[in-house]
Amino acid sequence: MLDFQNPMAFSLANGKTRFLTAMKTKFILFCALAWMLHLTAFSQQGTNDYFKDGKAKLKANDLDGALTDFDKAAKLKPDDAKVFYSRGIVKFQKGDKAGAFTDIKRSIQINSNDAEAYVLRGLFIVTNNNFEAAVKDFDASTKNLVAAIKDYNKAIELDPTNSMTAGAYDGLVTDYGLLGAMKAESGDLDGGLVDINKAIEIQLAGKHTKYSSVAYSACAKIKTKKGDLNGALADYDKAIDINPNNQEAISSRGWLNRRMRGEKPADDIDSAYDPQNFNTTNLVAKNYLTRGHDKFKVGDWKGALDDFNKAIEGLPDRAGAYALRSLAKSGMGDLTGALSDLDKAIELEPATIPELYYGRSIVKKKKGDMDGALADNDRYLELKHDQILRQLQSK
């Protein structure tokens, strides 16, 4: 799906990961906190004693106890939507992806007018992208995103002012952005632009200008691939106007301006700074990483690779250095070398950097190892899920 020969395609994927992973984490945290407010509003008698006990145990982080009580409540009152809604949340926090989705789906079947349930189902569809046995390839992700977008729109239609429904707007931004990036990577540049522009429209309506800056940068990259350099420059201008500290947009706009003037984009990188001016091995290595990254962004893969090699000499235990070198090797078509570097990075940081597994899944897919790619994608989602739970528990 990714064109490793084209630096813009790889840059778009990296931008997508940063932009959309950050937004999705924010959205999941928002939904979880809003859900806690949702639970406190419920009050019933009789058979709902189990439900009340389940709520209390969940607030105390006793997930097993909460699940037991919600199970009993569901047996006593199988037509109570809020019981299945609540049990779905517990299952999600326990890592039971399929069970969480099933319970939220059942909640909607009982009460099709619960806007909050649609928000959560949309969330589950995307974050639990591999819960269905039928999902055998990455293309199924597109269908899942479309389904999630439908649920978010339904939630907004039912209750546009609900505090939790507000999270549906973040979900729409996230999923339109993902959908657009996926389309662009697969070669549908026009479709990618339509979806990312839809994400921008929603963001600007909600005044989420920080993320709009990143989205405009993504549009600029797609327009550069289409050969619409003036349009790309206009989008970079918008990105920088919204966020003057968007360093990627500033750097890319400078690169594009030099390209349009017929200059070699990498001409001024070496003269911008000299790594050897730093007086410690650690700082020298870090500056090689920085310069290598700048060279990679302008398509100087060989120069980037040379700098990454020097950086690794000084930082042999830095997982990020190997990950960056894998990008340069991918750009040069050395997928075997890229895979080896990602293996080393994961060996150094097996559980703290989920994005390493995401990157390795892309390389494996390019090499034709679909089983390995899917396994790494699953591991990426598991680690992101664990990160989110730790953040929730720290609140």
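Just above sits the structure.
In this report, we go over the structure that sits alongside the text.

Observations concerning the overall build of the protein
Now for step 1: For the protein, the helix and strand inventory stands at 19 helices and zero strands.
Now for step 2: Relative to its 395 residues, the protein shows a buried fraction of 54%.
Now for step 3: Counting contacts in the protein only where the partners sit at least 6 residues apart, residues at least 24 apart contribute 58% of the total.
Now for step 4: Of the roughly 17500 Å² of accessible surface on the protein, 50% is carried by carbon and sulfur atoms.

What about unusual backbone geometry?
Now for step 1: One non-glycine residue with positive phi stands out, namely asparagine 61, at about 65°.
Now for step 2: By the secondary structure assignment, asparagine 61 is in the loop between helix H2 (49–59) and helix H3 (63–76).

Regarding H2
Now for step 1: Turning to H2, its buried residues number three or more, namely Phe51, Gly54, Lys55 and Leu58. Mapping the buried residues of H2 onto a view down its axis gives an arc of 100°, with all of them on the same face.
Now for step 2: Immediately downstream of H2, the backbone of asparagine 61 shows phi near 65°, a positive value.

Thoughts on the environment of aspartate 376
Now for step 1: Following the sequence through the fold, aspartate 376 ends up in helix H19 (residues 370–393).
Now for step 2: Remark: the alpha-carbon pair of aspartate 376 and proline 354, spanning 22 residues in sequence, is separated by 9.5 Å.
Now for step 3: When neighbours within four sequence positions are excluded, aspartate 376 is seen to be in contact with Tyr357, Arg360, Ser361 and Lys364.
Now for step 4: Side chain to side chain, aspartate 376 and lysine 364 meet in a polar contact 3.1 Å long.

Quick word on the packing of aromatic side chains
Now for step 1: This model, assessed by the stated rule, comprises two aromatic pairs.
Now for step 2: Seen in terms of ring centroids, phenylalanine 51 and phenylalanine 70 are 5.7 Å apart; in terms of plane orientation they differ by 45°. Their pairing is tilted. With phenylalanine 51 in helix H2 and phenylalanine 70 in helix H3, this residue pair connects regions lying 19 residues apart in the sequence.
Now for step 3: Given a relative accessible area of 2%, phenylalanine 51 falls into the buried group.
Now for step 4: On the accessibility criterion, phenylalanine 70 (0% relative accessible area) is buried.

A word on the nonpolar core
Now for step 1: Within the largest apolar cluster, 30 residues are counted, with the highest numbers of intra-cluster contacts made by Ile104, Leu120, Phe124, Tyr152, Leu172 and Tyr176.
Now for step 2: Going through the elements one at a time, helix H4 (81–94), helix H5 (97–110), helix H6 (115–127), helix H7 (140–158), helix H8 (166–185) and helix H9 (189–205) are the ones with two or more residues in this core.
Now for step 3: In terms of residues, this core owes the most to one element, H6, which gives eight residues.
Now for step 4: Within the second largest apolar cluster, 26 residues are counted, among which are Leu305, Leu356, Tyr357 and Tyr380.

Parameters and conventions
- Note that residues are indexed from 1 along each chain, following the sequence as it is written.
- Per-residue local features of the predicted model are confined to residues with pLDDT of at least 70, and side-chain atom pairs are confined, for both listing and counting, to 80 or more; whole-chain, interface and lining totals are unaffected and use all residues.
- Values reported for side chains reflect all heavy atoms of the structure, with hydrogen atoms and water molecules removed beforehand.
- Helix and strand labels come from DSSP, where a helix needs a run of H or I of at least four residues and a strand needs a run of E of at least two; each type is numbered from the N terminus.
- Between buried and exposed lies partly exposed: a residue is buried under 20% and exposed over 50% of the maximum accessible area for its type, with that area taken using a 1.4 Å probe on protein chains only.
- In what follows, residue pairs with any heavy atoms lying within 4.5 Å of each other are defined as contacts.
- The method behind every accessible area is Shrake-Rupley, applied with a 1.4 Å probe, and residues are considered shielded solely by the protein chains displayed.
- Note that the arc is computed from the directions linking the helix axis to the C-beta atoms.
- Whenever a nitrogen or oxygen atom comes within 3.5 Å of another N or O atom, the pair is scored as a polar contact, on the condition that within protein one atom can donate a hydrogen and the other can accept it, and that pairs from neighbouring residues in sequence are kept only if both atoms are in side chains.
- Pairing of aromatic rings covers Phe, Tyr and Trp, the last through its six-membered ring, and needs centres within 6.5 Å; plane angles under 30 degrees mean stacked, over 60 mean edge-to-face, and all others mean tilted.
- In these notes, a set of buried Ala, Val, Leu, Ile, Met, Phe, Trp, Tyr and Cys residues joined through side-chain atoms within 4.5 Å is what counts as a nonpolar core.

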